[in-house]
Amino acid sequence: MPNGTLKNKEIKRLTTPLTFKNSKAYDCEGNLISCVETLSDVRFIIEPKEGILTEDEIMQYAPDSKAASKIRLNRGLGNMEDVLLVHESVPWIFGLYYILLVSVALPIIHAKNTLLMIILLILFILPLVYSYYIFNIKNYEYKPKKLHPLPKPDIPKATKEPEVSDDEVEVKQIESLKGYEREVNNLKVLFDVKEGVVRDLIKKRFEPPQITYDKFIAMVDSCHNLFYTQVDSATNIVNLAVEDSPRIRKELDNKITNMKTIIDQIEELTNELVINISSENESEDDVNNLLNDMENLIDSVKEY
């Protein structure tokens, strides 16, 4: 399977809502998802497969996963929730450990054996030291390496600063907009995945031929055309801009905001279909409300 196809398949798996059957959660490929239980939360999390996505892609498509928490901690951006998620089993192991240790300690204390009591004290302290190390958020702060200062070069006073040609300035300005191009490309991948998911769900919820099926598919088609109109417009701005100005950046920000809004609407429709996928009694009002929301979105972006 080509790498691009494998990556898109993994992104689809991570971004598709879970399905629940007999109190168990499954991803879109039918894989059972384990329940993650921390001291403050209980949830089902889809973990990314190793060797497919980059760290930045994991942060984007699976931000709630353990893998993303490890990345944040390694980059010095994590918090206590990330630490608890990465070490979710440690508090429960410590609890069981101390229960067993206390049951062993009682006879030793009663016997007043000094040597065994010292060993017992050490056994009590060691997990505390370890827990302090792994749960101390300061251990995950980013510590930049100290670099030895380079000797200052001797620059003659009469030396003039090199002149920068107009071509070089133009290249720098265009390069400064490349971040927008990367964000647009990421949004394209995310939209394509979510669009494929919602089309499958519409077909499953309203098996064709049905008027409702045609309405939803037509609406998704409109969202597709509108999304890629924003993509083409943003790409043209990045490729054709001759300067990096606040006006250019404002226009690009607006295009990206429109793309994210369309993706959010597609995701909202996906979630609604997942909730109602097993219901045969969905009212006509619910269907019309979903259609009206998408129509309003399309009209508002077109007006812009």
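Residues numbered from 1 in each chain as written. Predicted model: local features only at pLDDT ≥ 70, side-chain atom pairs only at ≥ 80, totals over all residues. Heavy atoms only, no water.

Trainee: Let's hear about the environment of Arg72: which residues, and what values?
Mentor: You can see Arg72 is positioned in helix H3 (residues 66-74). Between the C-alpha atom of Arg72 and that of Asp82, which follows or precedes it by 10 residues, the distance is 7.8 Å. Ignoring anything within four residues of it in the chain, the contact list for Arg72 reads Met59, Pro63, Leu77, Gly78 and Asp82. Looking at Arg72, its side chain comes within polar contact range of the main-chain oxygen of Pro63, at 3.0 Å. (Helix = DSSP H or I, 4+ residues; strand = E, 2+ residues; numbered from the N terminus. Contact = heavy atoms within 4.5 Å. Polar contact = N/O pair within 3.5 Å; in protein donor to acceptor, adjacent residues only side chain to side chain.)

Trainee: Which residues make up the packing of aromatic side chains, and what values go with them?
Mentor: Under the definition given, this model contains 6 aromatic pairs. Taken together through their ring pairs, the aromatic side chains of Tyr97, Tyr98 and Phe124 make up a single cluster. (Phe/Tyr/Trp six-rings, centres within 6.5 Å; stacked < 30°, edge-to-face > 60°.)

Trainee: Talk me through the pattern of salt bridges; I want residue IDs and the actual numbers.
Mentor: By the definition in use, this model includes 12 salt bridges. Residue Lys178 is joined to Glu181 by a salt bridge in which the shortest nitrogen-to-oxygen separation is 3.5 Å. Remark: Glu181 and Lys178 occur in helix H8 (residues 178-205); sequence separation between them is 3 residues, near one turn of the helix. We note a salt bridge from Lys255 to Glu251, for which the minimum N-O separation is 3.8 Å. Note that Lys255 and Glu251 are positioned in helix H10 (residues 246-276) at a spacing of 4 residues, about one turn of the helix. Here the salt bridges share partners, and the residues they tie into one network are Glu10, Arg13 and Asp27. (Salt bridge = Lys/Arg side-chain N within 4 Å of Asp/Glu carboxyl O.)

Trainee: Give me the nonpolar core: which residues, what numbers.
Mentor: Ranked by internal contacts, the top residues of the largest apolar core, which has 46 residues, are Ile202, Phe227 and Met259. The set of elements that each furnish at least two residues to this core consists of helix H1 (3-15), helix H2 (55-61), H3, H8, helix H9 (211-240) and H10. For this core, the element with the highest residue contribution is H9, accounting for 12 residues. Among residues more than four places away in sequence, those in contact with Met259 are Val184, Leu187, Phe227, Gln230, Val231 and Ala234. (Core = buried A, V, L, I, M, F, W, Y, C linked by side-chain atoms within 4.5 Å. Buried < 20%, exposed > 50% of the residue type's maximum accessible area, 1.4 Å probe, protein only.)

Trainee: Let's hear about the sheet that holds strand S3 (residues 32-33): which residues, and what values?
Mentor: Strand order in the open sheet formed by 3 strands is S1-S2-S3, and the pairing between neighbours is antiparallel. Two strands in the sheet have a free side with no partner beyond their single neighbour: strand S1 (19-21) and S3. (Pairing = 2+ DSSP bridges.)

Trainee: Please provide a residue-by-residue account of the packing of helix H5 (residues 90-111) against helix H6 (residues 114-135), values included.
Mentor: Relative to each other, H5 and H6 sit at 165°, their axes nearing to 10 Å. Relative to H6, the element H5 is oriented roughly antiparallel. Of the two possible hands of crossing, H5 and H6 adopt the one that is left-handed. Here Val90, Pro91, Phe94, Tyr97, Tyr98, Leu101, Val102, Ala105, Ile108 and Ile109 of H5 come into contact with H6, specifically with Leu116, Met117, Leu120, Leu123, Phe124, Pro127, Leu128, Tyr130, Ser131, Ile134 and Phe135. For the contact of H5 with H6, the class distribution of residues is 20 nonpolar, 1 polar and no charged. (Axes fitted to C-alpha atoms, helices over the stretch in contact; angles between N-to-C directions. Parallel < 35°, antiparallel > 145°, perpendicular 65-115°, else oblique. Left-handed = near helix turned anticlockwise from the far one by under 90°. Nonpolar A, V, L, I, M, F, W, Y, C, P; charged D, E, K, R; others polar.)

Trainee: Any details on a nonpolar patch on the surface? Residues and values, ideally.
Mentor: Residues Leu115, Leu116, Ile118, Ile119, Ile122, Leu123 and Leu126 make up a contiguous nonpolar surface patch of about 620 Å² in total accessible area. Topologically, Leu115 is positioned in helix H6. A relative accessible area of 57% means that Leu115 is categorised as exposed. (Patch = residues over 30% accessible without salt bridge, like charges linked within 9 Å, V, L, I, M, F, W, Y side chains within 5 Å. Areas by Shrake-Rupley, 256 points an atom, 1.4 Å probe, with all protein chains shown as cover.)

Trainee: How would you explain the environment of Asn258 if you had to name every residue and give the values?
Mentor: Mapped onto the secondary structure, Asn258 falls in helix H10. Within the local environment of Asn258, its side chain forms a polar contact with the side chain of Gln230, the two groups lying 3.1 Å apart.

Trainee: Give me the lowdown on the side chain of Glu57, citing residues and values where you can.
Mentor: Relative to the elements of secondary structure, Glu57 occurs in helix H2. A relative accessible area of 15% places Glu57 in the buried class.

Trainee: Give a detailed account of the packing of H8 against H9, specifying residues and quantitative values.
Mentor: Two elements in contact, H8 and H9, have axes whose closest approach is 11 Å; the angle formed by their N-to-C orientations is 175°. What the angle tells us is that H8 and H9 run roughly antiparallel. In terms of residue class, the contact of H8 with H9 is built from 16 nonpolar, 3 polar and 7 charged.

Trainee: How would you summarise the confidence of the model for the protein chain if you had to cite specific residues and measurements?
Mentor: The predicted coordinates of low-pLDDT regions are not to be read in fine detail. Here the protein chain averages 77 in pLDDT, while 75% of its residues score no lower than 70. This model gives residues 166-173 a pLDDT under 50, and the stretch forms 6 contacts once residues within four places in sequence are excluded. (pLDDT = per-residue confidence, 0-100.)

Trainee: Can you explain H5? Please cite residues and give values.
Mentor: Along its 22 residues, H5 runs 31 Å from first to last C-alpha, staying within 8% of the 32 Å computed at 1.5 Å per residue. At Ala105, H5 shows its strongest bend, of approximately 30°, with the proline Pro107 following within four residues. Of all the residues in H5, the buried ones are Val90, Pro91, Phe94, Tyr98, Leu101, Ala105 and Ile108. Where H5 is buried, its residues touch H6. One or two residues past the end of H5 sits Lys112, with phi positive at roughly 55°. (Expected span 1.5 Å × (residues − 1). Bend = angle between axes of the 7 residues up to and from the residue.)

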